[in-house]
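Below, each chain spelled out in residue letters.
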Amino acid sequence: MNTKCDNCLIATMLIMQQIACILRCVAMITGSDELQGIADIMTLIADLLYCSVCACMQTQHKMEMDVRDGKLAPKVMNPDMPPTAQGMQR
C-alpha cells in the first residue's frame, strides 16, 4: 500500500511528464526553438524522476516480497521516521 509520500512522488512524476508534454506541444505549434529546448530539458528531468521513482518502488516491492517469503523479519517502523539505509545484494 502506498504512503502519502509515495503518492506525492508519483504525482510529482506525472505532473512533470505532463508539463514536458505541454511544453513540447506549444513548441511545436509556435515553432520556437527556445521553447523546444525548454521542453527537452523538462523531458530529461521528467525521465530522471521517473527512473528514480521506479527504482525506489522496485526496491520497496523486493523488500516486501522478502518479508512475505520469510527471508526478512517484518520491521515495525514509525511512519514519521525515515526508513533505514539499505544495501545492495546480488
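The shown structure was predicted, so the numbers you read here are calculated from the model rather than taken from an experiment.

Trainee: Could you clarify how one ought to interpret helix 2 (residues 33-68) in this entry?
Mentor: Structurally, the α-helix is built with 3.6 residues per turn, so residues lying three or four positions apart point the same way. Compared with an ideal rise of 1.5 Å per residue, which puts 36 residues at 52 Å, helix 2 spans 52 Å between its outermost C-alpha atoms and is within 8% of the ideal. Those residues of helix 2 lying buried are Ala-39, Met-42, Ala-46, Val-53 and Asp-66. Contacts made by the buried residues of helix 2 are with helix 1 (4-30). Between the side-chain oxygen at the start of helix 2 and the backbone nitrogen of Glu-34 there is a gap of 3.4 Å, and the oxygen is on Ser-32. Remark: Gly-70 follows helix 2 within two positions and exhibits a positive phi of approximately 85 degrees.

Trainee: What is the right way to look at the nonpolar core in this model?
Mentor: Within soluble globular proteins, side chains that are nonpolar tend to cluster in buried spots. In this structure, Met-16, Ala-20, Leu-23, Ala-39, Met-42 and Ala-46 together form the largest nonpolar core, which totals six residues. Put simply, the parts of the chain that give this core at least two residues each are helix 1 and helix 2. If we ignore the near neighbours within four places in the chain, the residues touching Leu-23 are Leu-35, Ile-38, Ala-39 and Met-42.

Trainee: Can you walk me through the packing of helix 1 against helix 2 in this structure?
Mentor: Geometrically, a packed helix pair is captured by the angle between its two axes and the distance between the axes. Interaxial distance between helix 1 and helix 2 falls to 8 Å at its minimum, and their mutual angle equals 155 degrees. As summarised for this structure, helix 1 and helix 2 are arranged roughly antiparallel, according to the angle between their axes. Classified by chirality, the crossing of helix 2 by helix 1 is left-handed. Residue composition of the contact of helix 1 with helix 2, by class: 19 nonpolar, six polar and three charged.

Trainee: Please clarify how the state of the cysteines should be interpreted in this entry.
Mentor: Every disulfide links exactly two cysteines, by a covalent bond between their sulfur atoms. For the structure shown, the criterion picks out zero disulfides. Residue Cys-56 stays outside any disulfide, its sulfur separated by 9.4 Å from that of Cys-5, the closest cysteine. Taking relative accessible area as the criterion, Cys-56 reaches 52% and is therefore assigned exposed.

Trainee: Quick question: what am I supposed to make of the side chain of Asp-6 here?
Mentor: Mapped onto the secondary structure, Asp-6 falls in helix 1. There is no salt bridge for the buried Asp-6, and the closest opposite charge comes from Lys-4, which lies 13 Å off by N-O distance. If sequence neighbours within four positions are ignored, Asp-6 has contacts with Met-1 and Gln-60.

Trainee: Whenever I open this one, the environment of Ile-45 confuses me. Can you help?
Mentor: Along the chain, the position of Ile-45 falls in helix 2. Here the alpha-carbon distance between Ile-45 and Gln-17, two residues 28 residues apart in the chain, equals 8.6 Å.

Trainee: I keep staring at the pattern of salt bridges and nothing clicks. Help me out?
Mentor: If charged atoms from side chains of opposite charge come close, those side chains can pair. Tallied over the entire structure, the rule returns three salt bridges. Linking Lys-62 and Asp-66 is a salt bridge whose minimum nitrogen-to-oxygen distance equals 2.9 Å. Placement of both Lys-62 and Asp-66 in helix 2 is noted, with a separation of four residues, approximately one turn of the helix. The exposure class assigned to Lys-62 is partly exposed, which follows from its relative accessible area of 42%.

So, how was this worked out
Residues numbered from 1 in each chain as written. Predicted model: local features only at pLDDT ≥ 70, side-chain atom pairs only at ≥ 80, totals over all residues. Heavy atoms only, no water. Helix = DSSP H or I, 4+ residues; strand = E, 2+ residues; numbered from the N terminus. Expected span 1.5 Å × (residues − 1). Buried < 20%, exposed > 50% of the residue type's maximum accessible area, 1.4 Å probe, protein only. Contact = heavy atoms within 4.5 Å. Polar contact = N/O pair within 3.5 Å; in protein donor to acceptor, adjacent residues only side chain to side chain. Core = buried A, V, L, I, M, F, W, Y, C linked by side-chain atoms within 4.5 Å. Axes fitted to C-alpha atoms, helices over the stretch in contact; angles between N-to-C directions. Parallel < 35°, antiparallel > 145°, perpendicular 65-115°, else oblique. Left-handed = near helix turned anticlockwise from the far one by under 90°. Nonpolar A, V, L, I, M, F, W, Y, C, P; charged D, E, K, R; others polar. Disulfide = S-S within 2.5 Å. Lys, Arg positive; Asp, Glu negative; His and termini not counted. Salt bridge = Lys/Arg side-chain N within 4 Å of Asp/Glu carboxyl O.

Everything listed here is a matter of coordinates, which is why it stays silent on function.
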